[in-house]
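Architecture at a glance
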Amino acid sequence: MSFTECDMDAEPMTDCAEAALALVEDTDLLFVDGGDRLLEIRRYAGLLRPGSGLLVHDWKQYFDYIEGQEEVVIKELEEMGGLVPLYSDLAVHLDSCCMFFIKR
């Protein structure tokens, strides 16, 4: 096992981030917790294969700062690649800081 550190949010994308795109296509779970979650979601979520999960950390806290964007992003995820939220009622009930999506 090896680890490589790189800025996945860099504009323009670095060589390291470009290489990581192939890894996203092969992953079972993508955990989004960078500084620009919206950029990460838009850049990587559509690459997930069917059955893969997307877990966005600090979902509620992040989108509270971008009023009205929560519903827009949920719709965008569904349209971009069939990602639908799961367990959202439970997350609200538990006051969870994460939102989980599955790629259909």
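Residues numbered from 1 in each chain as written. Predicted model: local features only at pLDDT ≥ 70, side-chain atom pairs only at ≥ 80, totals over all residues. Heavy atoms only, no water.

1. Observations regarding the sheet that holds strand β2 (residues 53–57)
Within a sheet, each strand pairs with its neighbour through backbone hydrogen bonds, oriented either parallel or antiparallel. Read from one edge to the other, the open sheet built from four strands follows the order β1-β2-β4-β3, with strand pairing classed as mixed. The two strands at the open ends of the sheet, each matched to only one other strand, are β1 (29–32) and β3 (83–86). Going across the sheet, the axis of each strand differs from the next one's by a mean of 25°, ignoring polarity. Pairing of β1 with β2 involves four bridges; the strand directions are parallel. Counted as the bridge partner of Leu29 is Gly53 from β2. Running over the sheet, helix α2 (residues 37–44) touches β1 and β2 and is turned about 155° from β1. Contacting β2, β3 and β4 (98–103), helix α4 (residues 69–81) crosses the sheet at an angle of about 130° to β3. (Pairing = 2+ DSSP bridges. Helix = DSSP H or I, 4+ residues; strand = E, 2+ residues; numbered from the N terminus. Axes fitted to C-alpha atoms, helices over the stretch in contact; angles between N-to-C directions. Contact = heavy atoms within 4.5 Å.)

2. Things to note about the side chain of Glu70
You can see Glu70 is positioned in helix α4. We classify Glu70 as buried; its relative accessible area is 18%. At 2.8 Å, the side chain of Glu70 and the side chain of Trp59 are in polar contact. For Glu70, the contacting residues outside a window of four places in its chain are Trp59, Lys60, Phe63 and Met99. (Buried < 20%, exposed > 50% of the residue type's maximum accessible area, 1.4 Å probe, protein only. Polar contact = N/O pair within 3.5 Å; in protein donor to acceptor, adjacent residues only side chain to side chain.)

3. Structural notes on α4
For α4, which comprises 13 residues, the first-to-last C-alpha distance of 18 Å matches the rise-based estimate of 18 Å (1.5 Å per residue) to within 8%. Residues of α4 that are buried make contact with α2, β2, α3 (59–64), β3 and β4. Where α4 ends, the next residue or the one after it, Gly82, has phi of about 70°, a positive value. (Expected span 1.5 Å × (residues − 1).)

Any link to function would need more than the numbers given here.
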